[in-house]
Amino acid sequence: AQSVTQLDSHVSVSEGTPVLLRCNYSSSYSPSLFWYVQHPNKGLQLLLKYTSAATLVKGINGFEAEFKKSETSFHLTKPSAHMSDAAEYFCVVSDFADKLIFGTGTRLQVFP
Amino acid sequence: EAGVTQFPSHSVIEKGQTVTLRCDPISGHDNLYWYRRVMGKEIKFLLHFVKESKQDESGMPNNRFLAERTGGTYSTLKVQPAELEDSGVYFCASSSGLPAFSEQYFGPGTRLTVT
C-alpha cells in the first residue's frame with residue numbers, strides 16, 4: 001500500500017531564506033507524487049507533480065522537488081521564501097486508481 | 001473558467017440531524033472525488049465518481065453517508081444522521097481523467113461542525 005510521511009508538522013523560516021519541507025513515501029511500485037498547497041480559506045492547489053519523468057520537478061511559484069528513489073524521498077524546496085508562501089503544504093501519493101493519499105501536512109510560517 | 005465550487009462553506013448542525021453538501025465540478029470533468037479532513041488528521045479519500053457511476057467508494061466511513069451524482073454533473077454528499085465524529089472539512093475535487101493521473105482540482109471545502 002502507498003503512504004507518505006511528512007517529517008515536520010511546522011516549519012518556520014525568515015523571508016528570503018531557503019525552504020525545505022520533507023516527505024518520505026512508501027510504495028510497492030513506481031509512484032506518482034505530488035505537492036499541494038492550501039492557503040487560508042482557499043482550496044488545495046497543485047504545486048508540482050512527479051510521474052516517472054525527470055527526477056527534478058519544477059513547480060509554480062519557484063518551488064521544486066527531487067524524487068530520490070534510493071532514499072524514498074520527495075522533499076520540497078524553494079531558494080528564497082516569500083511572505084505569500086505561508087500556507088499548509090501536503091505531500092501526496094497517487095495509487096493506480098487515481099485515489100490521492102495525503103500526508104498529515106506541514107504548516108509553513110514565514111517571518112519578515 | 002470557473003473552478004470547483006462547494007456549498008455551503010460552513011455548516012453547523014446538531015447530532016442526529018441531516019446535512020447535505022454539494023459540489024459542482026469543473027464543467028466537462030468526468031471524474032469527481034470527495035475527501036475529508038477530520039481535525040488533526042490527514043485528508044482522506046471518501047469516494048470517486050466517473051460520470052454518474054461510483055468507481056470507488058472504499059473510503060466511505062459507514063452507511064450514514066450517501067453520495068450521489070445524478071446526470072454526471074454536480075454531486076451531493078448526505079450525512080444522516082450526523083454524529084460528532086463527522087465534524088471536519090469535506091473537500092471535493094474533479095479531473096478530466098485524461099491523461100492518467102491528470103490534476104485533481106479542489107474546491108475550498110465545506111467545514112462541517114456537529115454539536
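Residues numbered from 1 in each chain as written. Chains lettered and ligands numbered in written order. Predicted model: local features only at pLDDT ≥ 70, side-chain atom pairs only at ≥ 80, totals over all residues. Heavy atoms only, no water.

> Just to check I follow, could you spell out the interface of chain A and chain B for this structure?
When the parts of a complex come together, some accessible area is lost, and that lost area is often taken as the interface size. Listed per partner, the contact involves 21 residues of chain A and 17 residues of chain B. Here chain A packs against chain B, burying approximately 1,600 Å² in sum over the two surfaces, 55% of which is carbon and sulfur. For the interface between chain A and chain B, the tally reads one salt bridge. With its nearest N and O atoms 3.0 Å apart, the salt bridge here joins Arg37 of chain B to Glu88 of chain A. Counting the contacts that link chain A with chain B gives four residue pairs in polar contact (both at pLDDT 80 or more). (Contact = heavy atoms within 4.5 Å. Buried area = accessible area lost by both parts, 1.4 Å probe. Salt bridge = Lys/Arg side-chain N within 4 Å of Asp/Glu carboxyl O. Polar contact = N/O pair within 3.5 Å; in protein donor to acceptor, adjacent residues only side chain to side chain.)

> Help me out: how do you make sense of unusual backbone geometry in this one?
When glycine is set aside, most residues are seen to have a negative phi, and most peptide bonds are trans. Here the bond from Phe7 of chain B into Pro8 of chain B is cis, since omega is -5°, no more than 30 degrees from zero. Considering the arrangement of structural elements, one finds Pro8 of chain B in the loop between strand E1 (5-7) and strand E2 (10-13). The peptide bond linking Gln80 of chain B to Pro81 of chain B adopts the cis configuration, its omega dihedral lying at -10°. Secondary-structure assignment places Pro81 of chain B in the loop between strand E8 (75-79) and strand E9 (88-95). Not every positive phi belongs to a glycine, and Asn41 of chain A is a case in point at roughly 65°. Along the chain, the position of Asn41 of chain A falls in the loop between strand E5 (32-38) and strand E6 (44-50). (Helix = DSSP H or I, 4+ residues; strand = E, 2+ residues; numbered from the N terminus.)

> In this structure, what is going on with the state of the cysteines? I would like to understand it.
Defined simply, a disulfide is a covalent bond joining two cysteines at their sulfur atoms. Summed over the entire model, instances satisfying the criterion amount to two disulfides over all chains. Between Cys23 of chain A and Cys91 of chain A runs a disulfide, and the two sulfur atoms are separated by 2.0 Å. On the sign convention where negative is left-handed, the bridge of Cys23 of chain A and Cys91 of chain A, at about -65° about the S-S bond, is left-handed. Of this pair, Cys23 of chain A sits in strand E4 (residues 23-26) while Cys91 of chain A sits in strand E10 (residues 87-94), and the two are 68 residues apart along the sequence. Each member of the pair, Cys23 of chain A together with Cys91 of chain A, is buried. Across the disulfide from Cys23 of chain B sits Cys92 of chain B; the S-S distance is 1.8 Å. (Disulfide = S-S within 2.5 Å. Buried < 20%, exposed > 50% of the residue type's maximum accessible area, 1.4 Å probe, protein only.)

> What is the right way to look at the pattern of salt bridges in this model?
Once their charged atoms are close, side chains differing in charge can pair, the charge on each being opposite to the other. Overall, the coordinates contain ten salt bridges over all chains when judged by the stated rule. The partner of Glu57 of chain B in a salt bridge is Lys54 of chain B, with the nearest N and O atoms 3.9 Å apart. When salt bridges with common partners are traced through the structure, they connect Glu88 and Arg107 of chain A together with Arg37 of chain B into a single cluster.

> Mind showing me how you'd approach the confidence of the model for chain A here?
Across chain A, the average pLDDT comes to 92, with 98% of residues at or above 70. When pLDDT is averaged over each element of chain A, strand E3 (residues 19-21) of chain A comes out on top at 98 and E6 of chain A at the bottom at 92. (pLDDT = per-residue confidence, 0-100.)

> Sorry if this is basic, but what is going on with the sheet that holds strand E3 (residues 19-24) of chain B here?
Sheet strands associate in pairs through backbone hydrogen bonding, adopting either a parallel or an antiparallel arrangement. Residues and elements named next belong to chain B. In spatial order, the strands read E1-E3-E8-E7; together these four strands make up an open sheet with antiparallel pairing. Strands at the two margins of the open sheet, each flanked by one partner only, are E1 and strand E7 (65-68). Between one strand axis and the next, the sheet turns by 15° as a mean value, whatever way the strands run. Here five bridges tie E3 to E8, and the two strands are oriented antiparallel to one another. Paired with Val19 across the strands is Val79, a residue of E8. (Pairing = 2+ DSSP bridges. Axes fitted to C-alpha atoms, helices over the stretch in contact; angles between N-to-C directions.)

> What is the right way to look at the pairing of E9 of chain B in this model?
Within a regular strand, the side chains alternate between the two sheet faces. Residues and elements named next belong to chain B. Burial analysis of E9 places eight of its eight residues in the buried class, the great majority of the element. In terms of strand pairing, strand E4 (residues 31-37) meets E9 through seven bridges, oriented antiparallel. Among the inter-strand pairings, Arg36 is bridged to a residue of E9, identified as Tyr90. In the sheet, E9 pairs with strand E11 (residues 110-114) via three bridges, with the strands oriented antiparallel. In the sheet register, Tyr90 faces E11, and the bridge partner there is Thr110. With two bridges joining them, E9 and strand E10 (residues 105-106) adopt antiparallel strand pairing. Across the sheet, Ser94 pairs through a bridge with Tyr105, a residue of E10.

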